[in-house]
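# Results of the structural survey
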Amino acid sequence: MSSSVDSDLRPTSYVIPAQRPAPRRDPARTRPSGFRGDIEGLRALAVLAVLAFHASVPGLAGGFVGVDVFFVVSGYLITHLLVREAVTTGRIRLGEFFARRARRLLPSAALVLGVVALAGAWLTVPLRRTDLEYDVLAAALSIGNWRFIAQQTDYLAAGRDESPLLHFWSLAVEEQFYLFWGPLLAAVVFFAGRAARRGRSVRSVTTVIATGLTAASFALALVWTQGSASLAYLATPSRAWQFGVGALLALLPWHLLPSTRTLRRLCGWSGLLAIVAAVLVFDASTPYPGYAALLPTLGTAAVILAGTPDRTGAGTDHGVNRLLGTRAPRAIGRLSYNLYLWHWPVLILAEARFGALSWPVKVALTAAAALPAAAAMRWIETPLRHNRTLSELPRRGLSLGLAAVIVPVVLALVVGTGTLRLLGPAKPVDLLGLPPGSPDGTSLLVPTAGAAKGGPVVPDPVQARQDFPPDGECEVAPTAVSSPACLFGATTSPDRIVLLGDSHAGQWFSPMLAIAAERGWALEELVKQGCPLPELTVVNPQLGRTYHECDTWRAAALDRIARGPKPRLIAVSTLNRYTDDRELLLRGWEKTLAPLRALGVPVVYLQDTPVPGTDVPACVSGHTADPAACAFDRAKAEWPDPLAEAVAAGRMPGVHSVSVNSVLCPGSGKTCPAVLERILLYRDDAHITNVAAVVLTPRLERLLTDAGLVPVRGGAAVTPVAGGWTQLLRDDFDGPSGSRPSAANWQYDLGTCYPGCPAPQWGTGEVETMTDSTANVRLDGKGALEIVPTRAADGTWSSGRIESRRADLKPQPGGVMRIEASIALPDVTGPAAAGYWPAFWTLGGELRNGYTGWPAIGELDVMENVNGRDAVFGTMHCGVLDGGPCQEPKGLGSGEVPCGGCRSGFHAYAVEVDLTAGAEQVRWYLDGREFHRVEASRMDRATWDRAVGKGLLLILNVAVGGNLPTAYGGTVGPATEPGHPMRVDYVSVTTKAAGTRS
């Protein structure tokens with residue numbers, strides 16, 4: 001550290017005298033004038049604490065307070081030196097003061113900077129090398145603390161490896177203190193030069209200034225500790241008060257205070273105990289510096305004060321000061337500056353070369369760093385400090401210091417420029433030139449867009465570092481408690497998507513904006529850095545304390561959504577590792593999602609993407625020819641997702657879950673790629689690049705449309721069919737025998753009720769449990785779907801029930817929609833068919849907003865059959881539960897329609913929803929023959945519009961038992977035979993625009 005004691009800074013027992021000379025004392029009682037070895041030993045304690053902290057020694061997590069000890073010692077020594085010179089000579093020679101500092105400090109620092117610049121070029125990858133050379137520049141110019149402040153307060157700079165020169169922040173703080181304090185005291189001396197009592201005047205004025213600056217700095221430290229931990233910890237203004245405490249030790253007349261040997265011992269041991277307690281008790285969670293920094297700071301002051309000579313000259317020959325002044329502590333103290341300089345680069349560069357190291361290895365490396373440290377002290381620091389030629393004239397020492405700055409700066413510029421030339425320019429990626437992404441989830445890019453092997457990655461590593469979503473200031477910083485008005489796309493549209501969450505939601509900005517814009521909607525972004533969307537209490541690393549701003553922002557965001565226009569979709573996402581407590585996380589999600597679900601708006605959870613945990617662009621920059629070397633551990637990157645599991649199990653009604661992770665991390669191997677099909681996927685250690693997000697847009701859009709959460713582009717499919725019809729959905733159930741139906745088209749209903757069980761036994765008294773087993777739902781390998789009721793040995797029944805993922809199936813305004821399926825009913829009749837209830841039907845898509853609202857949401861039973869009877873039914877449900885326009889719970893039905901061959905072969909069942917102006921109706925067809933009709937005139941407009949105009953979902957199922965089979969005399973019993981499937985040849989949904997001729 002730059003507080004290292006040299007011959008110029010020897011803390012003697014000298015006390016600033018008054019102008020009148022003190023009376024001559026007996027030589028035996030004269031205060032000794034000489035070296036205070038206890039302060040040198042105190043520096044040994046400080047550096048050992050810092051070294052133990054950096055080596056991750058267990059139990060010494062507070063070792064960072066060693067820096068505080070150095071600051072107090074520096075303030076004491078520098079002030080003591082300057083004021084002594086001012087009092088004795090009447091002036092402060094700033095040139096000589098800075099020349100001494102330059103000879104003492106800068107050559108050793110320059111050597112370390114040069115070694116790091118060269119070693120970094122060998123041991124680090126190119127992208128990390130550029131960062132390192134910038135660090136060398138900042139450290140050489142004594143502004144390293146401000147560079148690291150800029151990086152560590154920048155949330156978007158996440159994932160960077162630690163700098164081998166991070167420890168230079170404290171050296172920069174001390175150099176800045178020298179540059180401020182020396183000239184300030186020189187100015188005080190200049191204006192007090194003619195005072196009658198120059199010594200008392202200088203001391204008094206300086207004490208007043210030091211007291212005021214110390215108080216102001218401490219107040220600033222308290223404020224910044226609450227607002228920005230890195231700014232409070234690394235900035236000079238918030239650390240100046242610790243130098244000020246040391247300065248006051250040198251300025252105030254402590255020697256005049258009455259004291260005893262016992263009191264001094266108590267003071268010294270108490271101070272040492274305070275420092276040790278801070279080392280043992282403090283850790284990374286301690287808000288720092290703040291009030292906590294008082295403990296090591298005042299402890300250091302107490303140790304120094306205990307050794308300050310009194311009127312008799314006593315002070316350093318007893319208690320803790322005597323212990324610190326012994327040979328071993330003093331030897332370590334002399335080496336402390338160079339040891340501090342060397343140990344951290346040794347640790348960090350070793351980890352850059354060999355990966356993470358255990359603490360015993362770090363301790364060994366730290367001990368090994370004493371070798372170059374001792375060599376630098378022996379052959380560089382000591383000779384230059386005591387060189388008579390250099391010390392004769394200040395300008396020579398200053399020239400040496402200037403050279404010690406210029407050499408590492410030039411070296412950093414040369415190495416850094418070469419590296420930048422190797423990496424190429426950091427111009428933004430041309431998004432219009434990107435290859436198209438694949439929507440089907442089988443690959444990242446469409447097969448025809450596959451790039452040639454061996455080409456450059458996109459974005460390149462330099463571009464990837466800056467490849468953020470183009471959302472401006474809408475991803476608000478940790479200190480913000482509300483989001484600005486962040487509306488994008490069709491901002492005048494009444495429809496909008498809300499994107500809500502932390503930066504892992506923000507990475508989906510570009511895809512969600514594209515999806516919204518394609519539909520003429522707006523996108524509202526409510527995103528806050530590092531803020532978990534589930535209601536959790538967390539500590540923010542930028543603020544260094546509990547993240548209260550997150551709680552305030554979350555509440556404000558939820559309130560804004562509730563008070564604003566009702567959105568079409570709310571997309572939520574967040575980092576999935578704020579806690580590993582599953583129950584705590586789910587409780588937090590419940591608290592956040594409850595007000596969103598209450599809005600009756602579809603909510604989609606965009607599952608968190610893999611978290612590499614390593615600086616991906618830096619790794620790729622070092623493996624441009626083989627980016628596969630940067631693959632990362634799948635198990636560590638993909639955490640269990642309790643919310644996704646709860647959604648899949650139906651425990652979160654109204655919430656849907658989608659994931660692109662099968663694309664980002666394909667297959668089932670042990671690793672996930674950093675680069676896929678030449679696309680560099682990650683911009684740091686946790687976020688995907690904006691390029692990757694843009695390429696994933698088609699996949700995300702397909703997932704949302706298949707789930708019925710957004711309509712197909714333009715509100716209808718783009719596949720025309722004969723007769724002026726446009727196809728919205730078609731499934732011919734082609735696939736291998738025993739396989740599942742298309743997950744892109746269908747989802748399973750499971751159990752005995754919808755999530756939350758708003759209606760047990762599916763509301764109709766059924767006895768089966770619905771499963772996703774291929775024993776109940778499967779393809780037959782011949783182009784048909786089979787839904788098979790089965791019975792277990794214990795007599796329990798299982799069957800299958802699938803829904804279309806799309807829930808937005810509806811006619812165009814004034815147009816017609818036709819829903820059709822070709823079905824062969826279960827080939828069973830008589831007592832063996834008792835309780836069989838196959839059906840093809842629809843429900844209003846609003847159901848998925850909470851699985852409630854029946855019958856108002858509407859239901860169209862395209863085909864129902866019970867008990868193996870040779871007849872089918874068609875029915876419409878709407879309105880209210882009892883009575884109403886649809887005569888609930890019976891509904892507006894067709895009654896039994898004869899169908900003698902419906903069990904032996906396929907027959908076409910269809911319903912048409914016709915919104916033709918003046919002729920609005922729903923029509924039922926069997927093999928093209930209309931057998932039932934419901935006119936819109938049978939109900940009020942609101943009931944009609946809600947039942948048929950809000951979007952429908954399709955259902956195929958075979959129930960067992962229930963109210964309808966019972967009403968027709970069929971009760972499930974021992975005679976009921978399992979294993980007879982309902983077979984479906986195809987399902988089709990088409991629309992025809994108003995006025996279109998067939």
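Residues numbered from 1 in each chain as written. Predicted model: local features only at pLDDT ≥ 70, side-chain atom pairs only at ≥ 80, totals over all residues. Heavy atoms only, no water.

### With respect to the packing of aromatic side chains
Our working rule: For Phe, Tyr and Trp, where Trp contributes only its six-membered ring, two rings pair if their centres lie within 6.5 Å, and the inter-plane angle classes them as stacked under 30 degrees, edge-to-face over 60, or tilted in between. The helix count covers DSSP runs of H or I at least four residues long, the strand count covers runs of E at least two residues long, and both are numbered beginning at the N terminus. Partly exposed residues are those whose accessible area sits between 20% and 50% of the maximum for their type, while under 20% is buried and over 50% is exposed, using a 1.4 Å probe and protein chains only.
Inspection of the entire model under this criterion finds 23 aromatic pairs. Seen in terms of ring centroids, F177 and F243 are 4.3 Å apart; in terms of plane orientation they differ by 15°. Their pairing is stacked. In this pair, F177 is assigned in helix α6 (residues 168-191) and F243 in helix α9 (residues 240-251), connecting sequence segments 66 residues apart. Judged by centre distance (6.1 Å) and plane angle (50°), the ring pair of Y233 and Y288 falls under tilted. With Y233 in helix α8 (residues 229-234) and Y288 in the loop between α10 (261-281) and α11 (294-306), the pair connects residues that are 55 residues apart, well separated along the chain. By the burial criterion, Y233 is buried, and Y288 matches it.

### Regarding the state of the cysteines
Using the following cut-off: Criterion for a disulfide: a pair of cysteine sulfur atoms at a distance within 2.5 Å.
Summed over all chains, the structure comprises seven disulfides. There is a disulfide in this structure between C878 and C886, and the S-S distance comes to 1.9 Å. Given an S-S torsion of about 100°, the disulfide between C878 and C886 has right-handed geometry. Exposure remark for C878: the relative accessible area of 0% places this residue in the buried category. C886 sits in the buried class, given a relative accessible area of 0%.

### Quick look at the confidence of the model for the protein chain
Condition: Scored from 0 to 100, pLDDT records how confident the predictor is in each individual residue. Should any heavy atoms of two residues lie within 4.5 Å, those residues are counted as being in contact.
Of all residues in the protein chain, 90% have pLDDT values of 70 or greater, and the mean over the chain is 87. Below pLDDT 50 for its whole length, residues 1-34 participates in 91 contacts with residues either more than four positions away or in separate chains. Under a pLDDT of 50 for its full length, residues 714-720 has, in the predicted model, 11 contacts with residues more than four places off or in other chains.

### Comments concerning the side chain of S170
In plain terms, the rule: In protein, a polar contact requires one atom able to donate a hydrogen and another able to accept it; more generally it is a pair of N or O atoms within 3.5 Å, and residues adjacent in sequence count only if both atoms are side-chain atoms.
Mapped onto the fold, S170 is located in helix α6. A polar contact is formed between the side chain of S170 and the backbone oxygen of H167, at a distance of 3.2 Å.

### Observations concerning the nonpolar core
Test applied: The definition of a nonpolar core used throughout is a set of buried Ala, Val, Leu, Ile, Met, Phe, Trp, Tyr and Cys residues joined through side-chain atoms within 4.5 Å.
Counting 100 residues, the largest nonpolar core has L42, L165, F168, W169, W181, Y288 and I304 as the members making the most contacts within it. A total of 14 residues in this core trace back to one element, the largest contributor, which is helix α2 (residues 66-89). Excluding its chain neighbours within four sequence positions, the residues that come into contact with L42 are V69, V73, I275, T300, V303, I304 and L324. Membership of the second largest hydrophobic core comes to 54 residues, among which are L499, W508, I679 and V695.

### Things to note about the pattern of salt bridges
For the record, the criterion: Should a side-chain nitrogen of Lys or Arg be within 4 Å of a carboxyl oxygen of Asp or Glu, the pair is scored as a salt bridge.
Going through the model one piece at a time under the given rule, you end up with 44 salt bridges. Residue R568 is joined to D495 by a salt bridge in which the shortest nitrogen-to-oxygen separation is 3.5 Å. Of the two residues, R568 sits in the loop between α21 (548-563) and β7 (569-573) while D495 sits in the loop between β2 (487-489) and β3 (496-501), which places them 73 residues apart along the sequence. A residue is classified by how much of its surface remains accessible, and R568, at 34% relative accessible area, is partly exposed. Since its relative accessible area comes to 23%, D495 is described here as partly exposed. Residue D559 is joined to R563 by a salt bridge in which the shortest nitrogen-to-oxygen separation is 2.6 Å. With D559 and R563 both in helix α21 and four residues apart, this pair spans about one turn of that helix. Note on D559: relative accessible area 37%, which makes it partly exposed.

### A closer look at the environment of R577
With respect to the helices and strands, the residue R577 is situated in the loop between β7 and α22 (582-597). R577 sits in the partly exposed class, given a relative accessible area of 22%. Residues R577 and P532, 45 residues apart in the sequence, show an inter-C-alpha distance of 9.2 Å. With residues up to four places along the chain from it excluded, the contact list for R577 reads V611, K636, A637, E638 and W639.

### Side note on α22
Selection rule: A helix is expected to reach a length of 1.5 Å times the quantity of its residues less one. Given a residue, its bend is the angle between the two axes fitted to the seven residues that end at it and to the seven that start from it.
End to end, α22 covers 21 Å across 16 residues, agreeing with the expected 22 Å (1.5 Å per residue, within 8%). Taking the largest bend as the criterion, α22 deviates by roughly 25°, centred on K591, and proline P595 comes between one and four positions later. Those residues of α22 that sit buried are L585, L586, G588, W589, T592, L593 and L596. Looking at the packing, one finds that the buried side of α22 touches β3, α21, β7, β8 (603-606), α25 (642-648) and β10 (655-658). Measuring from the side-chain oxygen of the N-cap residue of α22 to the backbone nitrogen of E583 gives 3.2 Å; that N-cap residue is D581.

### Digging into unusual backbone geometry
What you tend to see is this: most non-glycine residues have negative phi, and most peptide bonds are trans. The linkage connecting Y288 with the following residue, P289, adopts the cis geometry, with an omega of 10°. Tracing the sequence through the fold places P289 in the loop between α10 and α11. Cis rather than trans, the peptide bond between W854 and P855 has omega equal to 5°. Here P855 shows up in the loop between β24 (836-844) and β25 (859-864). Its identity as a non-glycine residue notwithstanding, F733 has a phi of 55°, on the positive side. Looking at the secondary structure, you find F733 in the loop between β15 (726-731) and β16 (746-748). Residue F733 is classed as buried on the basis of its relative accessible area of 1%.

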